[in-house]
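The chain contents come next:
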Amino acid sequence: MSTIVDDVALSEVERLKEESLGLRGGLAAELDNDSSHLSEASKQILKFHGSYQQEDRDLRKERKKAGLEPAYQFMVRSKVPGGVLTAAQYLLHDRLADDYGNGTLRITTRQGFQFHGVLKGNLRRHIHELNDALVTTFGACGDVVRNVVTCPAPIAGGLREEVIEWARRIRDETLPRSRAYHEIWIEGQSVTREEAEPDPLYGERYLPRKFKIGFAFPDDNCTDVHSNDLGLLVIPENGRIRGFNVLVGGGLGMTHNKADTYPRLADPLAFVEPDELIDVIKAVIGVQRDYGNRVNRRRARLKYVLDERGLPWFREQVESYLGRPLQDPLPVEVSGIEDHLGWHEQGDGRWFRGVWVENGRVLDREGLRLRIAIREVVARFGADIHLTTQQNLLLVNIAPEDRSAVDDILRTHGVIAPEELTPARRWSMACPAIPTCPLAVAESERVLPGIMDELEVALSRIGLADETISVRMTGCPNGCARPYTADLAFVGRSLNKYVIYVGGNLEGTRLGTEYASLVPLDQLVTTVRPLLERFRDERREGERFGDFWNRVGVEPLEPAGASR
Ligand code: SRM
Ligand code: SF4
């Protein structure tokens, strides 16, 4: 396998991966020692196993002052292709949130569940128990293929089940070959090995960076397919899958003030028939493995290989790895999106109910006992749980006669029905940010509900209460809640200050542009208000907020604090 970089210049993570002997390193031994946290090297390797070392940032100052070490804790992420969990798997997640986590479950923007607040001493048991229920965390994080996303809604004749099977197949085909995960978490060993198992797909250094794969349907891009390194647009024909348009080079992460990092949407590369899909995916991964940047992790995603070398070069490489020419992509693009909330027939006599989960946090708090409600529905009616990439969940396989009982349970526990939400809140998302995310420079999940309260008042006064606008917020520019494809986004810039983006769209086919920077949290809505008013006054019939500002063009404001 050819690598394009000089070994001397490799980033530190590259060395760690190579020396870890198949993702083992010293992790097993460190899990058994008395320390509350891991070494730098083991922290990196742990990511591949689906967990991140974090600290409770709310306690940082106080503990530092008291001369204490940080309040170390771990985030554990389960990898669930298409977000599909059986009732039993969900109930296990629910129990583990209490047994080892902080009592909440976080639905992620890639259809996984995250546990926060797990202590090191509980990590082995936690991950072991998930595996007992056939839920893996292997590859949920790290420089490998991440959770494969696809529409989780069981829509009759919608080919969804078939595509979920494809997502599972891709997971199986792209799981690292190393037995390290099995040894550490399932067998509970502390052994070290002399050598790693050969891994034809990943080699010894795995990929230069995380690699994301997602499916979508032309009329339903509920997964934001263009934000993936490798997007697969299903081409349906007469009730079957004719093939897939392969899109390459999506990714949203960027760093403020580093112009050579930026969000990018995936470009169409080729049309592939179902029987060649796995080979093409492996060829694309192979090119990224061999040509992706292993020196600078900020520039290591596939999108930069594409921009540096061009799509024609990339296509030639994929063809050469594949050993045959690719067909041109079909002229099919995304044209719609669904959030799958509320009641829908499955076509097999049963129903599913999409439940809105504010910023993906399944919790119990005053006025809302969401975890209890979901647990009760799952336990009583055997409902399976499907997670969406908008951080919501679907209660699946409900008998028609049980629908009103399900509604009663949800209502009595304070769960808001989707039709009671304003469209803006219904389509809003925030990343976790503070207190768990070490990269957050500003709040997100904890402040978006308040911002939405303010925005709703403004929208109502302006006469836009029923307007569908996607609003997304993140605590830093990494883009975890996909802010750059939203109609309106607030991206953390520094403590309590945000960059405002406008002009993306609900369908996820366009990036927004920067409108204002360094806007204090308490001025976000007032800063956006003139944009809403002008939209109301000058929009074309049926035009959406993001479409309007994309057509008209935004003139960026001077940064707040600079002379205006
Ligand atoms: Fe993310 C890093 C949370 C989806 C781009 N992301 C992180 C970490 C692990 C912080 C860290 O590295 O220490 C965050 C943990 C926060 C916490 O406390 O839990 C984190 N990312 C999340 C989740 C939970 C956000 C959410 O609101 O659900 C999502 C988990 C998905 C999953 O189940 O796998 C999540 N992250 C995304 C997405 C959206 C997507 O994939 O559709 C993106 C943008 C798309 C992309 O990858 O380009 C995203 N996360 C990043 C980046 C920037 C990567 C880059 O290319 O620059 C980082 C930072 C990094 O990797 O260095 C990051
Ligand atoms: Fe953390 Fe930034 Fe991702 Fe939010 S966007 S979870 S702050 S890395």
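Before reading on, note that the structure itself is shown above.
Small disclaimer: the values here were computed from a predicted structure and weren't measured. (Residues numbered from 1 in each chain as written. Chains lettered and ligands numbered in written order. Predicted model: local features only at pLDDT ≥ 70, side-chain atom pairs only at ≥ 80, totals over all residues. Heavy atoms only, no water.)

For this particular structure, what's the right way to read the coordination of the iron atom of ligand 1?
Working reference: metal with six octahedral donors, ideal angles 90 or 180 degrees; metal with four tetrahedral donors, ideal angle 109.5 degrees. Looking at the protein side alone, the iron atom of ligand 1 has one donor only, C480 (SG), at 2.3 Å. With respect to the element layout, C480 can be found in the loop between β18 (471-474) and β19 (488-494). (Donors = N, O, S within 2.8 Å, 3.2 Å for Na, K, Ca; no water. Helix = DSSP H or I, 4+ residues; strand = E, 2+ residues; numbered from the N terminus.)

What exactly am I supposed to notice about helix α15 (residues 448-462) here?
Side chains three or four residues apart in an α-helix point the same way, a direct result of the helix having 3.6 residues per turn. Taking 1.5 Å of rise per residue, the 15 residues of α15 would be expected to cover 21 Å, and the 20 Å separating its terminal C-alpha atoms lies within 8% of that figure. For α15, the full list of buried residues reads L448, I451, M452, L455, A458, L459 and I462. The buried residues of α15 occupy an angular sector of 125 degrees when projected down its axis, which confines them to one face. Where α15 ends, the next residue or the one after it, G463, has phi of about 90 degrees, a positive value. (Expected span 1.5 Å × (residues − 1). Buried < 20%, exposed > 50% of the residue type's maximum accessible area, 1.4 Å probe, protein only. Arc of directions from axis to C-beta.)

Explain the side chain of E276 here, please?
Mapping E276 onto the fold places it in the loop between β9 (267-272) and α9 (277-291). Owing to a relative accessible area of 11%, E276 belongs among the buried residues under this scheme. Aside from chain neighbours lying at most four places away, what touches E276 is F271, R324 and Q327. (Contact = heavy atoms within 4.5 Å.)

Even after reading the chapter, I still don't get the pattern of salt bridges, so can you show me in this structure?
When charged atoms on two side chains of opposite charge get close, those side chains can pair. Applying the stated criterion across every chain, the model contains 56 salt bridges. One salt bridge connects R179 with E187, and the closest N-O pair in it is separated by 2.7 Å. One salt bridge connects E237 with R240, and the closest N-O pair in it is separated by 3.3 Å. Note on E237: relative accessible area 29%, which makes it partly exposed. Judged by relative accessible area, which is 45%, R240 ranks as partly exposed. Here the salt bridges share partners, and the residues they tie into one network are E14, K17, D143, R294 and R297. (Salt bridge = Lys/Arg side-chain N within 4 Å of Asp/Glu carboxyl O.)

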